[in-house]
Amino acid sequence: MSTAIPKTYPDPEYEDAHQATYERKPRYPIKQVLPPAVREKDFAQAIQDFIAAVGQDAVFVNEALSDYIDPYDVHEHEDDKRKVPSAAVW
Amino acid sequence: MAKCLTSTLMTFHSPHTTDQLKEVLKVANKYAIPLWTFSRGKNLGYGGPAPRVNGSVALDLHRMNKVIEVNDEFHYAVVEPGVTFIDLYNYCVEHKKKVWPSTASLGWGSVMGNTLDRGMGFGAHFVHHQNIAGLEVMLADGDLVRTGQFGITNSPSAFLSKFTFGPSIEGLFLQSNMGVVTKLSMWLQPQPEAYMLCTFSMPEFEDLEVIVDAFGEMRRNNTINSLVWFSSLVETLCISGRRSDYWKGEGAIPDWRLEELKKETGYGHWYARWGLYGPRRVVQAQFEEIKAVMSKKAPTGGITGALYDSEGGVVAADVPIEHGGMFVGYPQMWSLPLISWPIPRDNVGGKPAHGDYAPIIPSKGKLLLEWMKDSKPLCEAAGVELMADFFMMERHVVLMNMFTWDQTDVTQKEKMEKLYYGLHELAKKSGYGMYRAHVNHMGEFLRMRG
């Protein structure tokens, strides 16, 4: 079980810049959202299917989504306007 | 603390392949989940990796990062989505390829992501999407499509020609969600025998008109066949400092203080920078012609040219950074700290952020000056200076009205949102579309269409 997002750049200068830009602990925690018109039960099943497709280390949810939000979002403090993914697959 | 979802014991390889991508698309189809695809997620200022539709699943392709081919006979590269500008540069150095791949201002972005979002570099091949020859795309149903001559399995012209038999379809996959691009070919600048970094500066705000008209003409008559990049005084200042280094008062630096700073630093109000690439005698002839044109049309301006030449080809990394960097395709991260402009040095908790309003405007001095004059008071009302630069093509420019703020300050964020809409109203009045839109604002640009 992985407890951190793996590094994305082999070069330390690039990785440091990446981590400084995409905060590992966003000031406004990322709340779980569902894809439009998808029920929670189906979404949970979809996550299992994504894991079956790419592996458990390649599907991210909740706080592991910090690399997938806009670090400069002017609406980060407004849940109704903030844009966040429901999950990430790599 | 970040964690992976681990509610199954199944282990698989991570999705480096189109087969795995196909499986991901199958799952998304089964549950009707929208996917938001990106390669490196560095679309900063336009939403970064955040999805247009809230709740989409982010499809991160950064681990598909193979450089498939770099060819220095015909000068092109074929890359997967995750290849960054620095990756491609390093590959070329390591394999002694005699090419200078174009790079965006920051080396961490994806070559493909930038190109598909109509991004730009700084040399003769700077309009990246216009240098695409063939694409491989996976459609939503898992079918793989190859475009142009790349569609012919054994074509020796797969990456040499932009000709298609029948309709061209590459455009369907630019700034679009109609497929997942898995391979991209891009034409590259041959490593030149000679390279010259040129600058032209003018002292006054109103000088913009003459400088744009003169360079616009030289772009069209092919005296200059590479990017001419224009930047303003405030951009020049932010390279060497922060606002608080120059101004202790509230809000934007006022004009009278900018005039003082101009005198103190010796900077011009406008700077044009461009590279010349090719055989030495051609480069020198180009420079002589430009010098003659500008001394006639803009005698108060100052021109410089720094020439580097080598019979075996100029080595990009050998050009000093002040004359090379992105102009020779040597990827950098040096410009990232520029966005710290609004953070006072004693504000250690501040977090720099930036946005851009980026209209397409004809290369006509009168129109550019008008845009600067009209957008300046909007910027100042939001507490920021007019921080504008623009990229000149043959017939139009892509202008970046950049604004920076402290992301930890809600009031500043509100002001930036208001500024964005102010600039949008200005653009709408003149009929200026955007080269790229923020995920929050894509709908507004689509609605500009009649």
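Conventions we followed
- Residues numbered from 1 in each chain as written.
- Chains lettered and ligands numbered in written order.
- Predicted model: local features only at pLDDT ≥ 70, side-chain atom pairs only at ≥ 80, totals over all residues.
- Helix = DSSP H or I, 4+ residues; strand = E, 2+ residues; numbered from the N terminus.
- Rg over C-alpha atoms; globule rule 2.2 N^0.38 Å.
- Buried ≥ 20, exposed ≤ 12 C-beta atoms within 10 Å, placed from the backbone.
- Contact = placed C-beta atoms within 7 Å.
- Pairing = 2+ DSSP bridges.
- Nonpolar A, V, L, I, M, F, W, Y, C, P; charged D, E, K, R; others polar.
- Axes fitted to C-alpha atoms, helices over the stretch in contact; angles between N-to-C directions.
- Domains from an automatic or database assignment.
- Expected span 1.5 Å × (residues − 1).
- Arc of directions from axis to C-beta.

Draft legend 1. Region of interest: the overall build of chain B. Counting its secondary structure elements, chain B contains 11 helices and 17 strands. A globule of 450 residues ought to have a C-alpha radius of gyration of about 22 Å, and chain B, at 23 Å, matches this closely. Across its three principal directions, the C-alpha atoms of chain B cover 65 × 55 × 45 Å. In chain B, buried positions account for 50% of the 450 residues. Across chain B, contacts joining residues at least 24 apart in sequence account for 71% of those joining residues at least 6 apart.

Draft legend 2. Local environment of the overall build of chain A. Secondary structure summary: chain A contains 2 helices and 2 strands in total. Order of helices (α) and strands (β) in chain A, N terminus to C terminus: α-α-β-β. Over its C-alpha atoms, taken along the principal directions, chain A stretches across nearly 40 × 35 × 15 Å. Across the 90 residues in chain A, those meeting the buried criterion constitute 42%. In chain A, the proportion of contacts linking residues at least 24 apart, taken out of those at least 6 apart, comes to 62%.

Draft legend 3. Highlighting the pairing of strand β8 (residues 180-187) of chain B. Residue and element names in this part refer to chain B. Of all 8 residues in β8, 8 are buried, a share of seventy percent or more. As paired strands, strand β4 (residues 76-79) and β8 are joined by 4 bridges and run antiparallel to one another. Bridging from a neighbouring strand, Tyr76 pairs with Trp187 of β8. Judged from the 5 bridges that link them, strand β6 (residues 132-138) and β8 form a sheet pairing that is antiparallel. Of the residues in β8, the one forming a bridge with Val137 is Val181.

Draft legend 4. Just the pairing of strand β16 (residues 387-392) of chain B, in detail. All names here are of chain B. With respect to burial, β16 is a largely interior element, 6 of its 6 residues being buried. Here β16 shows a buried face lined by Met387, Asp389 and Phe391 and a second buried face lined by Ala388, Phe390 and Met392. Direction of pairing for strand β11 (residues 228-232) relative to β16: antiparallel, over a ladder of 4 bridges. By the bridge assignment for β16, Trp229 is matched with Phe391.

Draft legend 5. How the structure looks around the interface of chain B and chain A. Each partner contributes to the interface: chain B provides 54 residues, whereas chain A provides 55 residues. Looking at the side of chain B that touches chain A, the elements that each hand over two or more residues are α1 (18-31), β2 (57-60), β14 (352-357) and α10 (410-430) of chain B. Of the residues forming the side of chain B that touches chain A, the biggest block, 6 residues, is contributed by α1(B). A breakdown of the residues in the side of chain B that touches chain A according to their chemical character gives 30 nonpolar, 17 polar and 7 charged.

Draft legend 6. How the structure looks around the sheet that holds strand β7 (residues 144-146) of chain B. Residues and elements named next belong to chain B. Overall, antiparallel pairing links the 5 strands, which are arranged β3-β4-β8-β6-β7 in an open sheet. Two strands bound the open sheet, and with one partner strand each, they are β3 (67-71) and β7. Between one strand axis and the next, the sheet turns through 10 degrees on average, direction left out of account. Pairing of β3 with β4, which is carried by 4 bridges, proceeds in the antiparallel orientation. Among the inter-strand pairings, Asn71 is bridged to a residue of β4, identified as Tyr76. With respect to the sheet, helix α2 (residues 85-94) is in contact with β3 and β4, its orientation differing from that of β3 by roughly 55 degrees.

Draft legend 7. Quick peek at the domain arrangement of chain B. Residues and elements named next belong to chain B. Domain parsing of chain B yields domain 1 (18-60), domain 2 (67-190) and domain 3 (194-446). On a C-alpha basis, the centroid separation for the pair domain 1 and domain 3 is 33 Å. Counting from both sides, the interface comprises 6 residues of domain 1 and, opposite them, 9 residues of domain 3. Here the side of domain 1 that touches domain 3 is composed, by residue class, of 3 nonpolar, 2 polar and 1 charged.

Draft legend 8. Structural view of α10(B). Residue and element names in this part refer to chain B. Between its first and last C-alpha, α10 extends 31 Å over 21 residues, near the 30 Å set by a 1.5 Å rise per residue. Considered for burial, the residues of α10 that qualify are Gln412, Lys413, Met416, Leu419, Tyr420, Leu423 and Ala427. Looking down the long axis of α10, one finds its buried residues gathered within 115 degrees of arc, a one-sided arrangement. The outward face of α10, more than 90 degrees from its buried face, is lined by the exposed residues Thr411, Glu425 and Lys429. In this structure, the buried residues of α10 make contact with β14, α9 (365-381) and β17 (396-406). Positive backbone phi, at 75 degrees, marks Gly431, one or two positions downstream of α10.

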